[in-house]
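# Examining the three-dimensional arrangement
The chain contents come next:
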Amino acid sequence: MVSPVWLNEKKSLSLREPMLREDRAGDIRLGLADDVDCALQSDTSVVVQMSNGKAATLDACLHLLSGATGSAYRTWSLAAADDGSQLCAKNASGDIAVLTIQIKQTALRRAAFLHLSMNVWRTAA
């Protein structure tokens, strides 16, 4: 498990390394362009949120991500994601990650960030 991970408008996540990248070329970015909502965005990875209150496991993520295809899952709104929310992510290499939101600050756009813990299973998909 990698923790803490601070994701903001200048950094992106790389599930392969796993680490933060300063060049915004990682798998997942924090998008702040929308006036209403912040979102996790990716060109190649998909993201879904656990919604049943159970802990995200590799099997649970594999099940959720099996139906997450197409561009609709490349942007995930953070509006309904509170502290403690768990998100499952899968990159193009088949790496699966659980991202657990520790702190979410998206009310002030100029200072928006996510503090996450991240657990990655390499080539699990």
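Description of the structure in this document. These numbers were taken from a predicted model, which means no experiment stands behind them.

### Notes on the nonpolar core
Judged by nonpolar contacts, the single largest core of 22 residues is most densely connected at Leu-13, Leu-30, Leu-40, Leu-78, Leu-99, Leu-114 and Met-118. Only β1 (2-8), β4 (28-31), β8 (86-90), β9 (96-105) and β10 (113-121) provide two or more residues apiece to this core. With four residues, β10 is the single largest residue contributor to this core. Beyond its immediate sequence surroundings of up to four residues, Leu-99 is in contact with Leu-13, Ile-28, Leu-40, Ser-85, Gln-86, Leu-87, Ser-117 and Met-118.

### Quick look at the state of the cysteines
Using the criterion set out here, one finds one disulfide in the structure. Here Cys-61 connects covalently by a disulfide to Cys-88, the sulfurs 2.0 Å from one another. Here the disulfide of Cys-61 and Cys-88 is left-handed, its torsion about the S-S bond being about -65 degrees. Residue Cys-61 is located in helix α1 (residues 58-66), and its partner Cys-88 is located in strand β8; the two are separated by 27 residues in the primary sequence. As far as burial versus exposure is concerned, Cys-61 and Cys-88 are alike and both buried.

### Comments concerning the side chain of Ser-85
Relative to the elements of secondary structure, Ser-85 occurs in the loop between β7 (75-77) and β8. At 2.9 Å, the side chain of Ser-85 and the backbone nitrogen of Asp-82 are in polar contact.

### Looking at the sheet that holds β4
The five strands are arranged β3-β2-β4-β5-β7 in an open sheet whose pairing can be described as antiparallel. The open sheet has two free edges, formed respectively by β3 (19-21) and β7, since each of these has just one partner strand. For this sheet the average axis-to-axis angle between neighbouring strands, irrespective of direction, equals 30 degrees.

### Some thoughts on the pattern of salt bridges
Taken as a whole, this structure holds two salt bridges when the rule is applied. Between Asp-95 and Arg-16 there is a salt bridge, with the nearest N and O atoms lying 3.0 Å from each other. Pair noted here: Asp-95 is in the loop between β8 and β9 and Arg-16 is in the loop between β2 (12-14) and β3, with a separation of 79 residues, a long-range link. Exposure remark for Asp-95: the relative accessible area of 0% places this residue in the buried category. Residue Asp-43 pairs with Arg-29 through a salt bridge whose shortest N-O separation is 3.3 Å. With Asp-43 in the loop between β5 (39-41) and β6 (46-49) and Arg-29 in strand β4, this pair connects stretches of sequence that are 14 residues apart. Judged by relative accessible area, Asp-43 falls into the exposed class, the value being 60%. Arg-29 gets classed as buried once you look at its relative accessible area, which sits at 13%.

Cut-offs applied
Residues numbered from 1 in each chain as written. Predicted model: local features only at pLDDT ≥ 70, side-chain atom pairs only at ≥ 80, totals over all residues. Heavy atoms only, no water. Core = buried A, V, L, I, M, F, W, Y, C linked by side-chain atoms within 4.5 Å. Buried < 20%, exposed > 50% of the residue type's maximum accessible area, 1.4 Å probe, protein only. Helix = DSSP H or I, 4+ residues; strand = E, 2+ residues; numbered from the N terminus. Contact = heavy atoms within 4.5 Å. Disulfide = S-S within 2.5 Å. Polar contact = N/O pair within 3.5 Å; in protein donor to acceptor, adjacent residues only side chain to side chain. Pairing = 2+ DSSP bridges. Axes fitted to C-alpha atoms, helices over the stretch in contact; angles between N-to-C directions. Salt bridge = Lys/Arg side-chain N within 4 Å of Asp/Glu carboxyl O.

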